[in-house]
Amino acid sequence: VRGFIAPIALDPNDPNLLYAGTNYLWRRDDTKAGPDAWNADSPHLGDQMLAVDDGQDSLTYIAIAPSDSNRIYTGSQEGQLWMSTDKGEHWSQIDAGLPKYWITSIAIHPSNPNTIVVSLSGTASKDGTPHPGHVWICDDTHAPSVKWRRITGSGLGLLPNIPVNAIALDPSSPSSIYYAGTDLGFFASKDGGVSWQDASTSLGLPNVQVN
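Residues numbered from 1 in each chain as written. Predicted model: local features only at pLDDT ≥ 70, side-chain atom pairs only at ≥ 80, totals over all residues. Heavy atoms only, no water.

**Student:** Honestly, the nonpolar core in this entry has me stumped. Any pointers?
**Tutor:** Soluble globular proteins tend to pack their nonpolar side chains together in the buried interior. Residues Leu 81, Ile 106, Ile 116, Val 118 and Trp 148 are the most contacted members of the largest nonpolar core, which totals 17 residues. Those elements giving two or more residues to this core turn out to be strand 4 (59-65), strand 6 (81-84), strand 8 (103-108), strand 9 (116-120) and strand 10 (135-138). Excluding residues that lie within four positions of it along the chain, Val 118 makes contacts with Leu 81, Leu 98, Ile 103, Ser 105, Ile 106, His 134, Val 135, Trp 136 and Trp 148. Of all hydrophobic cores here, the second largest spans 13 residues; its members include Ala 107, Val 135, Ile 167 and Phe 187. (Core = buried A, V, L, I, M, F, W, Y, C linked by side-chain atoms within 4.5 Å. Buried < 20%, exposed > 50% of the residue type's maximum accessible area, 1.4 Å probe, protein only. Helix = DSSP H or I, 4+ residues; strand = E, 2+ residues; numbered from the N terminus. Contact = heavy atoms within 4.5 Å.)

Printed below as a string of structure tokens:
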């Protein structure tokens with residue numbers, strides 16, 4: 001099973017390694033020739049399905065840690081989030097406590113592969129229950145019990161409760177400066193998600209969808 005637009009990602013530490021997602025994860029190694037380039041001995045990395053086994057769910061995002069090629073994260077349409085610490089040989093599901101919505105983006109701290117920020121799509125539920133929040137952080141994905149925190153601000157610094165399509169950490173200050181592309185423009189936080197500011201209209205960008 002694959003999405004309408006299947007995700008791909010280059011290893012930031014090795015441009016010869018390309019990852020592609022269906023409901024499994026695949027890896028191509030351009031140092032190998034012909035069909036062997038697509039890890040032919042075991043085409044599904046770890047032989048682990050990384051999406052809900054319902055014939056419809058598929059991967060939506062793949063992220064490889066800038067500081068460690070062994071650390072891989074994947075997200076799916078139905079909110080499954082998986083992590084590998086050995087380049088895809090083995091996997092752990094780490095989405096307990098994370099709302100079950102389409103995972104649109106995964107940002108990994110550039111020097112600490114255990115810290116990730118995840119963005120979600122989705123709106124209010126059919127019964128009118130508000131969306132629980134579109135940006136979440138885990139400070140230690142390798143902990144025995146993974147914990148998630150919502151970082152959407154509050155009061156005047158609240159991030160609009162709308163789909164967040166992309167999330168990024170500023171490489172100069174990845175623990176505090178975050179950027180979010182949403183359905184209504186571009187927002188930024190300078191305090192680790194405690195508060196957010198509209199960075200679209202103030203800088204001359206129209207309130208348009210940012211992916």
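**Student:** Would you mind going over the pairing of strand 8 with me for this structure?
**Tutor:** On any regular strand, side chains alternate: one points to one face of the sheet, the next to the other face. Taking burial as the measure, the six residues of strand 8 include six buried ones, the bulk of the element. Taken together, the five bridges between strand 8 and strand 9 define a ladder with antiparallel strand orientation. The residue bridging Ala 107 from the neighbouring strand is Val 117, located in strand 9. (Pairing = 2+ DSSP bridges.)

**Student:** I tried to follow the pairing of strand 1 (residues 8-11) on my own but got confused; where do I start?
**Tutor:** Of the two faces of strand 1, the one lined by Ala 9 and Asp 11 is fully buried and the one lined by Ile 8 and Leu 10 carries no buried residue. Relative to strand 2 (residues 14-21), strand 1 runs antiparallel, the two being bridged by four bridges. Among the inter-strand pairings, Leu 10 is bridged to a residue of strand 2, identified as Leu 18. Remark: two residues form the turn of the hairpin made by strand 1 and strand 2, two consecutive strands paired antiparallel.

**Student:** What exactly am I supposed to notice about the packing of aromatic side chains here?
**Tutor:** Centre-to-centre distance and the angle between the planes together describe a pair of aromatic rings. Taken as a whole and judged by the stated rule, the model has one aromatic pair. Ring geometry for Tyr 179 versus Phe 186: centroids 5.8 Å apart, planes at 25°, classification stacked. Judged by relative accessible area, Tyr 179 falls into the partly exposed class, the value being 26%. With relative accessibility at 23%, the residue Phe 186 sits in the partly exposed group. (Phe/Tyr/Trp six-rings, centres within 6.5 Å; stacked < 30°, edge-to-face > 60°.)

**Student:** Please explain the sheet that holds strand 1 as it appears in this structure.
**Tutor:** Sheet strands pair by backbone hydrogen bonding; their relative direction is either parallel or antiparallel. The three strands lie next to each other as 1-2-3, forming an open sheet whose pairing is antiparallel. Sheet topology places strand 1 and strand 3 (25-29) at the edges, where each strand pairs with a single neighbour. When strand polarity is set aside, the average angle formed by the axes of neighbouring strands in this sheet is 25°. Across five bridges, strand 2 lies against strand 3 in antiparallel orientation. Across the sheet, residue Leu 18 finds its bridge partner in strand 3, namely Arg 28. (Axes fitted to C-alpha atoms, helices over the stretch in contact; angles between N-to-C directions.)

**Student:** Would you mind showing me how to read the environment of Ile 167 here?
**Tutor:** Checked against the element boundaries, Ile 167 lands in strand 12 (residues 164-169). Excluding residues within four positions of it along the chain, Ile 167 makes contact with Ser 105, Ala 107, Val 117, Ser 119, Val 135, Tyr 179, Ala 180 and Trp 196.

**Student:** Help me out: how do you make sense of the pattern of salt bridges in this one?
**Tutor:** Opposite charge on two side chains makes pairing possible when the charged atoms of those side chains draw close. Applying the stated rule across the entire model yields three salt bridges. In this structure, Arg 28 engages Asp 30 in a salt bridge whose closest nitrogen and oxygen atoms are separated by 2.7 Å. The salt bridge partner of Lys 100 is Asp 95, with a shortest N-O separation of 2.9 Å. (Salt bridge = Lys/Arg side-chain N within 4 Å of Asp/Glu carboxyl O.)

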